Every structure is written in structure tokens, then in C-alpha cells.
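# Summary of the model geometry
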Amino acid sequence: MRTTEQTLEEVLKLAATHFKVAREQLTPGDDFFQKLGIDSMQALELLTRLENHFGIELPDYEMQGVSDFRTLAERIQSRL
Amino acid sequence: MLDLRQYASLGGALRDALERWPNETCLIEADRERENCRLTYRQFREAALPLARALQEMGFAQGSRVAIIMTNQSKWLISAYAVFYGGGVLVPLDYKLTPREHLQLLAHSEARFLMVEYHLWRALTQTVGFQHLRVEEVLVTEAPPGADLTGAHSTSSGQARRWEECRASREPDFVPRDRTDPAAIVYSSGTGGQPKGCVLTHENYLEQCMALTSLYPFWPGVRYLSILPTNHAIDFMVGFIGPFTCGAAVVHLRTLRPEYVRDAFSRYKITYMSLVPMVLKNLERGLRARFAELPWHRRFILNRLIALNRRLTRKRPRLALSRLLLRGVHQAFGGELRALFVGGAFTEPATLQFFYDLGIPVSNGYGLTEAGTAVTLDDFNPFRPDTVGKPLPGMEVRIIAPDADGIGEVAVRSKTVMSHYLDQPELTAETIVDGWLQTGDLGRLDPTGHLQLFGRKKNMIVTAGGKNIYPEDIETVFEGLAVKEFCVFAANYLWPQRGRVREQLVLVLRLEAGKKFTDALRADLVARNRRLLDFKRVGGYVIWERDFPRTASLKIKRNLLAEEIRDRLDRADAVVPL
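Here's a quick rundown of the structure.

Rules of the game
- Residues numbered from 1 in each chain as written.
- Chains lettered and ligands numbered in written order.
- Predicted model: local features only at pLDDT ≥ 70, side-chain atom pairs only at ≥ 80, totals over all residues.
- Core = buried A, V, L, I, M, F, W, Y, C linked by C-beta atoms within 7 Å.
- Buried ≥ 20, exposed ≤ 12 C-beta atoms within 10 Å, placed from the backbone.
- Domains from an automatic or database assignment.
- Contact = placed C-beta atoms within 7 Å.
- Pairing = 2+ DSSP bridges.
- Helix = DSSP H or I, 4+ residues; strand = E, 2+ residues; numbered from the N terminus.
- Axes fitted to C-alpha atoms, helices over the stretch in contact; angles between N-to-C directions.
- Parallel < 35°, antiparallel > 145°, perpendicular 65-115°, else oblique.
- Nonpolar A, V, L, I, M, F, W, Y, C, P; charged D, E, K, R; others polar.
- Expected span 1.5 Å × (residues − 1).

### Description of the nonpolar core
Residue and element names in this part refer to chain B. Of all hydrophobic cores here, the largest spans 164 residues; its most connected members are Ala48 and Ile68. Two domains each put at least three residues into this core: domain 1 (4-253) and domain 2 (276-456). With near-sequence residues (within four places) excluded, Ala48 lies in contact with Ile78, Tyr81, Ala82 and Tyr85.

### Topic: the sheet that holds strand β28 (residues 576-577) of chain B
The strands that make up a sheet pair up through hydrogen bonds in the backbone, lying either parallel or antiparallel. All names here are of chain B. Reading across the sheet, the 4 strands line up as β25-β26-β27-β28 and stay open at both edges, with mixed pairing between neighbours. Here the strands that pair on one side only, and so sit at the sheet edges, are β25 (485-490) and β28. Pairing between strand β26 (residues 505-510) and strand β27 (residues 538-543): 5 bridges, direction parallel. Bridged to Leu507 within β27 is Tyr541.

### Describing the packing of helix α6 (residues 202-215) of chain B against helix α7 (residues 233-244) of chain B
All names here are of chain B. In the contact formed by α6 and α7, the axes pass within 10 Å of each other and the chain directions differ by 90 degrees. Comparing their axes, α7 and α6 come out roughly perpendicular. Residue-level contacts link Tyr205, Gln208, Cys209, Leu212 and Thr213 of α6 to Met237, Val238, Ile241 and Gly242 of α7. Residue composition of the contact of α6 with α7, by class: 6 nonpolar, 3 polar and no charged.

### Let's talk about the sheet that holds strand β12 (residues 272-275) of chain B
All names here are of chain B. Across the sheet, which stays open at both edges, the 9 strands sit in the order β2-β1-β11-β10-β12-β13-β14-β15-β16 with mixed pairing between neighbours. Looking at strand neighbours, the two that pair on one side only are β2 (34-40) and β16 (390-391), the edges of this open sheet. Each of β1 (25-31) and β2 is contacted by helix α2 (residues 41-57), which is oriented at about 95 degrees to β2, the strand it contacts most.

### A look at α6(B)
All names here are of chain B. Relative to the 20 Å expected for 14 residues at 1.5 Å per residue, α6 spans 21 Å between its end C-alpha atoms, a close match to the ideal helical length. α6 sits mainly inside the fold: 12 of its 14 residues count as buried. All of the buried residues along α6 are His202, Glu203, Asn204, Tyr205, Leu206, Glu207, Gln208, Cys209, Met210, Ala211, Leu212 and Thr213.

### A word on unusual backbone geometry
All names here are of chain B. Backbone torsion omega between Asn381 and Pro382 reads 0 degrees, so that peptide bond is classified as cis. The residue Pro382 is located in the loop between β15 (374-377) and β16 in this model. In this model, Ala401 sits at a positive phi of 45 degrees, which is unusual for a non-glycine residue. Counting through the fold element by element, Ala401 comes out in the loop between β17 (396-400) and β18 (408-413). For Asp434, which is not glycine, the phi dihedral falls at a positive 50 degrees.

As far as function goes, none of this settles anything; it's purely spatial.
Here's what the structure looks like:
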């Protein structure tokens with residue numbers, strides 16, 4: 001079983017790969033809309049990638065009101 | 001389609017539609033690769049009438065207000081029909097709002113009943129202020145087995161009911177309504193101090209439906225892909241009333257991931273879809289990426305075919321020809337797509353042209369909740385990506401006090417214009433003057449009758465996702481900021497532009513005497529800004545060196561402050577990005 005911190009690290013790595021930025025540029029508290037310059041549709045694309053990686057289903061509403069990596073990782077962790 | 005002139009209410013029209021096409025499919029609901037349900041008009045009726053009866057047995061009566069907070073799904077439409085059948089008034093709320101905003105609008109609308117998805121209900125129950133919620137019955141959809149449904153304090157039982165179990169066997173009473181009776185209260189935006197609930201009548205909807213379907217008809221076999229929230233005036237019309245009164249079908253997706261939306265086109269042979277500019281742009285981006293991955297010789301051929309299609313469709317769309325020339329592209333969209341509708345915000349002409357050149361006409365339109373839905377729409381006669389099209393049948397559009405360039409405020413008069421704003425007679429009187437709806441948008445009618453938009457007169461922005469945002473609503477999150485005073489403006493209101501680009505909110509700060517702008521203040525601004533939904537965030541701040549002008553009752557004189565800022569500061573220099 002992963003810890004939340006491990007999940008968070010994997011989320012950050014996947015986001016960095018998906019949006020083609022260096023992992024070091026991202027921190028857990030980052031607002032990913034601002035940091036990555038993405039819109040909500042692009043954020044949903046990331047959700048699919050995370051689903052495939054963690055082998056879970058994340059309803060779209062899990063992203064509602066979420067804009068930082070830590071909260072996103074916590075939502076994923078609760079479904080693992 | 002049904003002859004809607006003969007009907008007095010949406011309930012009456014929908015009732016006849018369900019009887020007229022019993023064996024046609026009306027609804028498909030899919031979630032990823034799974035299909036959750038597929039209903040014919042007869043099955044839809046069989047699902048809705050027991051709910052209508054159950055509501056009546058709970059005390060629902062003519063004029064009862066029923067709020068719906070759900071994502072796009074079959075239960076949304078089934079619930080809405082049950083409400084109209086019983087002569088009720090629908091209060092469709094945007095599921096994307098925060099729970100706090102939901103509570104505000106539920107209170108403002110005085111809804112007696114609430115139908116809500118389980119996860120949204122849970123969020124409501126965990127929100128400060130929930131204990132003040134006053135609804136008589138709560139019907140929760142898709143609650144998991146064993147879910148705790150207690151907490152509906154104001155209901156008779158103290159707990160919410162399972163929507164799926166609210167079915168009564170007796171035939172419900174059909175309650176007729178007049179054309180001028182309210183059908184729905186639709187919140188256009190504004191959830192802070194002044195919620196703006198547009199009261200739309202049955203006539204508003206029936207007339208809008210006739211206008212839209214005269215230009216873009218539906219018929220049995222047509223499939224409309226519904227991805228805009230159904231509470232939104234556009235989807236409510238073209239994703240429910242329009243197709244249902246024509247025997248067509250609506251396809252709902254429980255996830256809006258771009259890959260599943262793309263997949264739905266071919267899986268369900270979609271005919272029409274409405275979308276906001278942001279989603280259209282995303283589709284364009286996806287297509288361009290796929291084109292770029294083609295081997296150079298195939299890309300070369302594709303570009304030649306696109307150029308040929310462009311030449312051959314210059315005067316009008318030629319669907320069959322485009323499907324032949326650009327077969328691969330059209331197959332990716334299912335092969336049955338006739339048009340996309342885009343509106344709600346500014347769409348780049350280049351994006352519209354991109355799709356038109358592929359033989360996929362995107363009809364750009366202009367509308368607002370207060371006007372029922374659409375006011376203008378591109379009829380492709382000819383294609384005009386630089387405009388938002390011509391007024392729909394039955395819509396009168398004029399420009400108030402045009403300047404030397406013919407630009408002035410757009411006003412609309414038609415049977416689709418709302419009755420009034422709920423509980424706001426003064427705002428209604430300011431907005432509808434002598435029967436003309438003052439839109440607050442600046443525009444010009446060109447000699448061919450096409451409308452061009454040039455921005456907004458109001459202190460408001462519209463996001464690429466089609467959301468109206470009133471800066472006054474954003475200010476609550478900055479209350480208590482360590483400054484003397486502050487005010488939020490739409491940057492384009494402070495510095496008007498002849499365009500609909502670079503829309504952003506700015507926070508104007510008047511610091512305490514002798515104080516500097518510190519890192520701590522900046523950190524506080526950033527933290528507060530993050531509490532807002534991403535599309536509502538402030539993009540930058542302006543330091544203002546003078547006291548704000550105020551009224552005798554100490555309200556900020558926004559117009560005057562905006563004028564002062566406009567006169568003294570330059571946007572490029574003054575706005576510091578957050």
C-alpha cells in the first residue's frame with residue numbers, strides 16, 4: 001500500500017511527464033492551472049493518465065474545486 | 001416535429017412528444033465504455049410518471065419550485081419532465097458551483113424540493129450554513145447502499161429520500177399551465193450579494209425552440225451529444241426541449257474527458273453538439289496534433305484536400321462533398337455530424353475557419369439566459385466567422401446609441417425574453433426597458449444583418465468556458481485583507497477594448513497610509529485567490545494611491561473609480577500579475 005507521500009510523488013512525476021516540464025519545477029502546493037498554464041479540459045486529460053497509472057476510476061467531480069497536487073493526491077489515495 | 005404554436009406549456013408539449021414517438025430512442029447515457037441506460041420515449045414516460053406521482057403525494061403542487069443539482073444524465077431530464085408534468089417550476093442549478101453557492105441559490109429560489117446527486121448532496125451537508133437549508137423534500141440519486149441520508153433537517157423525516165425509490169403507482173395528475181406562467185428560474189450568474197434568477201416562462205421556451213429548430217431541425221434518428229451542463233440555457237434547449245419535441249435522441253456522457261467525448265462521436269453517430277470555445281479549442285488542438293503526426297506525404301495530400309474543400313464550400317457548406325473529400329476526418333467524428341454550435345464566450349475566427357475548412361460547420365452564436373438562449377446564430381449563408389451570425393426568426397435586435405462606427409449596446413426584443421429577475425423589480429426595470437432587453441454587450445449590425453460583438457459595457461467577464469463572472473461576487477473572498485480598501489474590476493471595463501480578448505479580473509488595492517505592498521500581503525492575496533474556482537480567479541492587482549469615491553451610505557462608486565483609474569493609469573504598466 002502506497003503512502004500519501006508516495007502517491008503525491010507519483011502524481012507529480014506523471015504531471016511533469018504529461019505536460020512536458022521538469023519534475024523539479026513542480027511542488028505539492030502548486031496551483032497546476034497557473035503553474036502549467038492549462039485549462040480544465042487539459043486537467044481532465046491528466047486525470048485519465050492518473051487513472052491508468054493507479055488502476056482506479058476517478059469521477060470527473062473529484063477534480064471539482066481541486067487545483068493543487070496535494071489535494072489531488074489525497075483524493076486518489078482515498079480510492080486506493 | 002410538434003407544432004409548438006398549439007401548446008401552452010412545456011409539460012403539454014413533452015407529454016405529446018412521449019406519446020407520438022413511443023418506440024424512438026430519446027436518451028442514451030454512457031460512462032466511459034459502459035452504457036448506463038438507453039430509453040425510448042415510452043420508457044422515459046414510464047420512468048418519469050411514477051416520480052411525478054410520488055412528488056404529488058409528497059405535497060408537490062402547481063407552482064412548486066424544484067431545484068435540480070446533477071451532472072448531465074438521464075435522471076436530470078426525467079426529473080425535469082416530472083416537474084413540468086405536475087405544473088411545477090424548475091430551478092436548475094449549475095453542479096459546478098461550490099456547495100456554499102448552491103446553498104445561497106437554494107435559499108434565494110425558495111425551492112421546496114431538491115433533487116441532487118449523492119456526492120453533491122454530501123458536499124452540501126458538510127458546508128457551513130447547511131443547517132439553514134429550507135427545502136421540504138430532498139431526493140438523492142445514486143446513493144450507495146447503506147449511505148447515510150440523514151441530515152435533511154427541514155424535511156418531515158429529517159432525512160433525504162432515495163430518488164430511485166420515489167415511485168408511486170397511481171397515474172399522476174397532469175397540471176396545465178399558461179404560456180405566461182413561469183417554467184424555470186435560471187441563475188445566469190452572480191452568487192454573492194445579488195443572485196440573478198431569470199424567470200423564464202413556458203412561452204419563452206416554446207418560442208425559442210421554434211426559432212432554433214427552424215434553422216437547425218431535429219428529427220427521429222438525430223442524436224445530440226450533451227456535454228454543456230443541462231442547467232445552462234443552451235443545453236436545456238438543444239439538449240432536451242429541442243430534440244424531445246422532434247422525436248430525436250440525447251446522448252449524455254458521465255465523463256467529459258476529451259478522449260471519451262471524441263469516442264462518443266463515432267460510437268453514437270452524433271449529429272449535433274453544443275460546446276463552449278474552450279472545448280472547441282481543445283478539439284482543434286487534438287486534431288492538429290493528429291495531423292502533425294501523419295507521414296509527410298499523407299499530410300501533404302490532406303492539406304491539398306482541405307484547400308480544395310475550402311474553395312468548394314466558400315459560398316455554403318456542402319456536407320456530402322466534404323464527407324467524400326475528407327472521409328477520414330469525418331469518420332473520426334462518426335460520419336453523421338452536421339454541425340457544432342458554439343457560444344457563451346468569444347470564439348476565435350481562426351478556430352471556426354479551421355473546422356469549416358474540414359467541412360464541419362461550427363455555428364457561432366450569441367445569447368444570454370435573459371433572452372431565453374440564443375439571439376443570433378450563423379446560418380452559413382454565407383459562413384461569417386467574424387460575426388456571431390444573424391438574429392434568429394422572431395428576434396428583433398437593435399443597437400442603442402451607436403457611435404460613429406455604428407457600435408453601441410445590443411438590445412433584444414422577442415417572445416423569448418425572460419419575464420423578470422426573481423425578487424428584483426428594480427434590476428428588472430433597468431434591464432428590460434419598453435420591452436427591450438438591454439444586454440450590456442457592445443455590438444454592431446453590419447449591412448448584411450450580421451451581428452459583431454466588441455466587448456461589454458458591464459463590469460463583467462465571460463470566461464472561455466462560457467461562465468459569466470461579476471467582479472462584485474469575487475470580492476467576498478478578499479474581505480479582511482490587510483489594506484485600507486479594495487475593489488475588483490474586469491480589466492476590460494477599466495480599460496475598454498475593441499475586442500473580446502484578454503479578459504481578466506484585477507484587484508485594485510488602496511494600501512493603509514504609509515504602508516508598502518509586502519511579500520506577506522502578496523502571499524495572502526495568492527492564498528485567498530486560490531479559494532476561488534480556477535475560472536473565477538483574479539489575474540493581477542493594481543496599487544491605487546487615492547481614496548475610493550463613495551456614496552453617502554459608503555458604497556464604492558464603481559463607475560467613478562473606474563473612470564479615475566482609466567484616466568490616470570495605463571493597463572500595461574499598472575497591472576501586476578498574481
